Amino acid sequence: MITVKVPATSANLGAGFDSCGVALSLYNTARMEEADGPVISSADGTNTPTDESNLIYQSARRVYEACGKPFRGMKIIQESPIPMARGLGSSSACIVAGILGANALLGDPFSKEDAVNFATSIEGHPDNVAPAILGGFVVSAYDGGHVYSLRKDIAPRVTFAAFIPDFELLTETARAALPKEVPHRDAVYNLSRAALLATAFCTEQYEMLPVATKDMLHQPYRLPLIENGEKVFELAKSCGALGTFISGAGPTILAVVRTSDRAAFLREAGARLQEGELGAYHLHCFDADNAGAVVE
Ligand code: HSE
């Protein structure tokens, strides 16, 4: 069997809606081999579909079809610690696992760039799948059916604190909350910050993140869907976060923290979650993943 290990991801980073994303040190794994029909199980007790609707299975089948190869079926043993419907790229991780697993079983017809394109055609936007495949900080543009991505390693001097609530928010619900049109001034607000965000990561000037992560295109519309989300934003900022934003479509809220401040941040923010009646939120700290998905 081959094993595919895919990192969690956080998309948008505030201003970079549907474009920017980072890979985090939390991993789903899938062991895969050809079989007759779907033979799917979970090694960690996660409740995942075991029939043909399984996202890893479907993505693998699409690779076989795209390559003109007959698809009998797939045996898949999943481990899925990335929580579902929390804005940490769990469905992207499944799509990427299926694509990279099938690609390896077929003798690697797809390059990484092909895999990013193929995964984006399934997911609809590149900001989770690109960092899941490439690792690090990735900025992507989807143009004419092709994804143009550039990546940069994230320096070890920053780390990511995730306030993960015990409630879910489906991406389709969070996308349905967005307006069809936005004021020109909001578009300008975001494009200047998205450019600053990309430059800040590429030059490792993370001190720009308090401004560069601000957003007017999606967070104001989504925060009302996240119970106590505003309080968590305030809490993270007052504990010294460099940048705080909704992770992907939410409901997780992610804070970029200086690694030298990590212990103090976790202590202070953890205590204040308890005091502030924010017990639905659980605080986890992740490093950046600069490697991206690995196939063994
Ligand atoms: N960019 C996407 C969104 C990420 O915010 O809706 C979630 O899939």
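Placed above this text is the structure.
Residues numbered from 1 in each chain as written. Predicted model: local features only at pLDDT ≥ 70, side-chain atom pairs only at ≥ 80, totals over all residues. Heavy atoms only, no water.

Undergrad: Please clarify how the pairing of strand β1 (residues 2–11) should be interpreted in this entry.
TA: Each regular strand carries side chains that alternate between the two faces of the sheet. Burial within β1 is extensive, with eight of its 10 residues counted as buried. Here 10 bridges tie β1 to strand β2 (residues 20–34), and the two strands are oriented antiparallel to one another. Within β2, the position partnered with K5 by the bridge is T29. Two elements, β1 and strand β11 (residues 294–295), share two bridges in a ladder whose sense is antiparallel. (Buried < 20%, exposed > 50% of the residue type's maximum accessible area, 1.4 Å probe, protein only. Helix = DSSP H or I, 4+ residues; strand = E, 2+ residues; numbered from the N terminus. Pairing = 2+ DSSP bridges.)

Undergrad: Looking at this structure, I do not really get the environment of L13. What am I missing?
TA: Within the secondary structure, L13 sits in the loop between β1 and β2. Take L13: its relative accessible area is 0%, and that puts it in the buried class. Note: C-alpha distance between L13 and S247 (234 residues apart in sequence) is 6.8 Å. With residues up to four places along the chain from it excluded, the contact list for L13 reads C20, G21, V22, L197, F201, T213 and F245. (Contact = heavy atoms within 4.5 Å.)

Undergrad: Quick question: what am I supposed to make of the side chain of N28 here?
TA: Note on placement: N28 falls in strand β2. Assessed through its relative accessible area of 7%, N28 is described here as buried. For N28, the side chain forms a polar contact with the main-chain nitrogen of I82, separated by 3.0 Å. Ignoring any residue separated from it by four or fewer positions in sequence, one finds N28 in contact with V4, K5, V6, E79, S80, P81, I82, S90 and A93. (Polar contact = N/O pair within 3.5 Å; in protein donor to acceptor, adjacent residues only side chain to side chain.)

Undergrad: Just to check I follow, could you spell out the site of the ligand for this structure?
TA: Around the ligand, the structure places A11, N12, F17, D18, H125, D127, N128, T171, R175, R222, G248 and A249. With respect to the ligand, the side chain of N12 contributes an N or O atom lying 2.8 Å from an oxygen atom. Note that an oxygen atom of the ligand is positioned 2.6 Å from one of the side-chain N or O atoms of R175. Look at the ligand: alone it shows 260 Å² of surface, and the protein chains cover 96% of it. Per-class residue counts for the shell around the ligand are three nonpolar, five polar and four charged. (Near = heavy atom within 4 Å. Areas by Shrake-Rupley, 256 points an atom, 1.4 Å probe, with all protein chains shown as cover. Nonpolar A, V, L, I, M, F, W, Y, C, P; charged D, E, K, R; others polar.)

Undergrad: Would you mind showing me how to read the sheet that holds strand β8 (residues 243–246) here?
TA: Overall, antiparallel pairing links the four strands, which are arranged β8-β9-β7-β10 in an open sheet. A single partner strand is all that each edge strand has here, and the edge strands are β8 and β10 (281–286). Across the sheet, the mean angle separating the axes of adjacent strands is 20° when strand polarity is ignored. Sheet topology places β8 next to strand β9 (residues 253–258); four bridges connect them, and they run antiparallel. Note that in β9 the partner of I246 across the bridge is I253. Running over the sheet, helix α10 (residues 262–275) touches β7 (158–165), β9 and β10 and is turned about 175° from β10. (Axes fitted to C-alpha atoms, helices over the stretch in contact; angles between N-to-C directions.)

Undergrad: What's the story with the environment of I56 in this structure? I'm lost.
TA: Summarising the element assignment, I56 is placed in helix α1 (residues 55–66). According to the relative accessible area criterion, I56 is buried, its value standing at 3%. Each residue touching I56, except ones within four places of it in the same chain, is listed here: A30, M32, I76, Q78, C94, A97 and G98.

Undergrad: What is the right way to read the pattern of salt bridges from this model?
TA: Oppositely charged side chains can pair when the atoms bearing their charge come close. Overall, the coordinates contain 12 salt bridges when judged by the stated rule. In this structure, the salt-bridge partner of D261 is R258, at a minimum N-O distance of 3.8 Å. R258 sits in the partly exposed class, given a relative accessible area of 30%. Taken together, the shared-partner salt bridges connect E34, D36 and R72 into one network. (Salt bridge = Lys/Arg side-chain N within 4 Å of Asp/Glu carboxyl O.)

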